[in-house]
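# Summary of the model geometry
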Amino acid sequence: ILYINVMNNLSVDCDCDSHPKDSKMKDLGILASTDPIALDQACFDLVFNVKPTESDDNAPLIERIKSRHGTHTVEYAAQIGLGSMKYELVSIDKQE
């Protein structure tokens, strides 16, 4: 199984919300892994490490993640052996 996370138009609301709040973050890319825990951890790390600007603000999303204890899901999944929180980001972009 290959797991894919598309990190674009990041809003504080779930994809299932028919009227989500406007996105405050720029696109971070598409990530894929055979380990769903490593994939989600990488996504958390990318969000938490964005250097905020006026047009790219991670603060609302971080607040939502923290207030809903979002990181606990990944921590517990790793604890019960569903995957690892360790990962290596490998870019396949041909940027020079």
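As a convention, each chain's residues are numbered from 1 in the sequence order in which they are written. Confidence filtering applies because this is a predicted model: local features only for residues at pLDDT of at least 70, side-chain atom pairs given and counted only at 80 or more, and all residues used for totals across whole chains, interfaces and linings. Side-chain metrics in this entry use all non-hydrogen atoms of the structure; hydrogen atoms and water are not considered.

## Looking at the environment of Lys 24
Looking at where Lys 24 falls in the secondary structure, it is placed in the loop between strand S1 (3–7) and strand S2 (29–33). Note on classification: 1.4 Å probe, protein chains only; a residue is buried when its accessible area is under 20% of the maximum for its type, exposed when over 50%, partly exposed between these limits. Using a relative accessible area of 46% as the deciding quantity, one classes Lys 24 as partly exposed. In contact with Lys 24, other than residues within four places in its own chain, are Leu 10, Ser 55, Asp 56, Asp 57 and Pro 60. A run of H or I in DSSP counts as a helix once it spans at least four residues, and a run of E counts as a strand once it spans at least two, with each numbered from the N terminus. Contacts are residue-level and defined by heavy atoms, with any inter-residue pair within 4.5 Å sufficient.

## Some thoughts on the confidence of the model for the protein
Do not read the predicted coordinates in detail wherever pLDDT is low. Confidence of the predictor in every single residue is expressed as pLDDT, which spans 0 to 100. In this model, the protein carries a mean pLDDT of 92, and residues with pLDDT of at least 70 account for 98%. The spread of mean pLDDT over the elements of the protein runs between helix H2 (residues 59–67), the lowest at 93, and helix H1 (residues 36–48), the highest at 97.

## What about the packing of aromatic side chains?
In this scheme Phe, Tyr and Trp rings, the latter by its six-membered ring, pair at centre separations within 6.5 Å, and the angle between planes marks the pair as stacked below 30 degrees, edge-to-face above 60, and tilted otherwise. One pass over the structure, following the stated rule, counts one aromatic pair. Their ring planes at 80° and their centres at 6.4 Å tell us that Phe 44 and Phe 48 sit as a pair that is edge-to-face. With Phe 44 and Phe 48 both in helix H1 and four residues apart, this pair spans about one turn of that helix. Residue Phe 48 is classed as partly exposed on the basis of its relative accessible area of 29%.

## Considerations on the packing of H1 against helix H3 (residues 70–79)
Lines fitted to C-alpha atoms define the axes here, with helix axes fitted over just the stretch in contact, and angles between the N-to-C directions of these axes take values from 0 to 180 degrees. Remark: H1 packs on H3, axes separated minimally by 10 Å, with the N-to-C direction vectors making an angle of 150°. Viewed along their axes, H1 and H3 adopt a mutual orientation that is roughly antiparallel. Remark: the crossing between H1 and H3 carries left-handed chirality. Residue-level contacts link Ile 37, Asp 40, Gln 41 and Phe 44 of H1 to Gly 70, Thr 71, Val 74, Ala 77 and Ala 78 of H3. Here the nonpolar group is Ala, Val, Leu, Ile, Met, Phe, Trp, Tyr, Cys and Pro; Asp, Glu, Lys and Arg are the charged ones; every other residue, Gly included, is treated as polar. Partitioned by chemical class, the residues of the contact of H1 with H3 number five nonpolar, three polar and one charged. In these notes the angle categories are as follows: under 35 degrees is roughly parallel, over 145 is roughly antiparallel, 65 to 115 is roughly perpendicular, and the rest is oblique. Note on convention: the crossing is left-handed when the near helix lies turned anticlockwise from the far helix by less than a right angle, right-handed when the turn is clockwise.

## Re a nonpolar patch on the surface
Taken together, the side chains of Leu 2, Ile 4, Val 6 and Ile 30 make up a nonpolar region of the molecular surface, amounting to roughly 420 Å² of accessible area. With respect to the element layout, Leu 2 can be found in the segment before S1. Residues enter a patch when their relative accessible area is above 30% and they make no salt bridge; the linking distance is 9 Å between like charges and 5 Å between nonpolar side chains (Val, Leu, Ile, Met, Phe, Trp, Tyr). Values of accessible area rely on a 1.4 Å probe in the Shrake-Rupley scheme; residue burial ignores everything except the protein chains shown. Salt bridge, as used here, is a side-chain nitrogen of Lys or Arg placed within 4 Å of a carboxyl oxygen of Asp or Glu.

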